[in-house]
Amino acid sequence: MAATEKDKLRKGERTRLRLKKTALRLFAQRGIENVSIRDIQAAAGQKNNGSITYYFSSRDALIREIVADVAAILDEDNNRRLDALEARGGPTSVREVAEILLPVVDRGPDGDKDDLYQLQFFTSVLITRRDLLFEATADADRATRRCFRHIVRLAPDMPKEIINQRLQMMLLFALSAGASMESGQEGHRNWSSLWGQASAEHNLADIMAGMIIAPVSDKTLAAVGQKKEPAVDEAGTSAPA
């Protein structure tokens, strides 16, 4: 390949990456539905109005690729931590699995400031384009599925419908919390005052575990057509629950 062709390829790769990082930031800050192709191109310094369609074919294709990128980072990090936990004989509690699922992207000492928007972006897509999110993450949810299997094994006995709901609600809550963490790191005072406290992240894992292991109420059991089993005393007689 001629030197000029190599340079053109490198320039194209840089432009493509700049467009993705710019889109990630704008989508996170404004919301998916409030950012146009023109907004992204202008913020990325692109004079060619066809840059997005040239590099990504469409706005949805751009969103899908960014989602896949973020999902792959999260999946790789969670798989690595779960591998280490299993190698030590764990997990032995829902709380340990909750720590794996903590919505924290490990950026390392040289982390790119643009990466501060990953979970805010992810949450925005989850709220407004759930179909696109699940399509784009179909091959990057291995760690989540592994964690879910451990949670089901370790959780108190409850109807399948209820444990499945709790798993989904826990993830929704965790992603929203992760987005607020990023917002705090970005400098938003209210969130930075919360997540700057040493106990906050540990407490988040406690809350995530609590969402799974909390007792199922009579009302919830009735809603799924089940009755709460009466407690049995040491003499073997039934007692009020």
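Here, the structure is the one placed above.
Okay, so let's go over this structure.

1. A look at helix α4 (residues 59–87)
- Counted at 1.5 Å a residue, the expected span for α4 with its 29 residues is 42 Å, and the 42 Å between its end C-alpha atoms agrees.
- Looking one or two residues beyond α4, the residue adopting positive phi is Gly 89, at roughly 95°.

2. Structural notes on the nonpolar core
- In terms of nonpolar packing, the biggest core is built from 30 residues, with Phe 27, Ile 40, Ile 63, Val 67, Phe 121 and Val 125 touching the most fellow members.
- Those elements that place two or more of their residues in this core are α1 (3–30), α3 (51–56), α4, α6 (118–128) and α7 (130–136).
- Ranked by size, the runner-up nonpolar core spans 27 residues in total, among them Leu 82, Ile 100, Leu 101 and Ile 163.

3. Focus on the layout of surface pockets
- What the largest pocket holds in volume is close to 720 Å³.
- Elements with a minimum of two residues in the lining of the largest pocket: α4, α6, α7, α8 (142–154) and α9 (160–186).
- Within the lining of the largest pocket, the residues separate by chemical class into 18 nonpolar, four polar and five charged.

4. Describing the pattern of salt bridges
- Applying the stated rule across the entire model yields 14 salt bridges.
- Its salt-bridge partner being Asp 77, residue Arg 81 comes within 3.5 Å of it at the nearest N-O pair. Residue Arg 81 and its partner Asp 77 are both found in helix α4; the two are separated by four residues, about one turn of the helix.
- Look at Arg 81 and you get partly exposed, because its relative accessible area is 24%.
- The exposure class assigned to Asp 77 is buried, which follows from its relative accessible area of 13%.
- Taken together, the salt bridges that share partners define one network made up of Arg 16, Lys 20, Glu 65 and Asp 69.

How each quantity is defined
Residues numbered from 1 in each chain as written. Predicted model: local features only at pLDDT ≥ 70, side-chain atom pairs only at ≥ 80, totals over all residues. Heavy atoms only, no water. Helix = DSSP H or I, 4+ residues; strand = E, 2+ residues; numbered from the N terminus. Expected span 1.5 Å × (residues − 1). Core = buried A, V, L, I, M, F, W, Y, C linked by side-chain atoms within 4.5 Å. Buried < 20%, exposed > 50% of the residue type's maximum accessible area, 1.4 Å probe, protein only. 1 Å grid on protein atoms, 1.4 Å probe; cavity = no way out; pocket = protein on both sides within 12 Å on 5 of 7 lines; lining within 4 Å. Points joined across faces, edges and corners; volume = space filled by probe spheres on them. Nonpolar A, V, L, I, M, F, W, Y, C, P; charged D, E, K, R; others polar. Salt bridge = Lys/Arg side-chain N within 4 Å of Asp/Glu carboxyl O.

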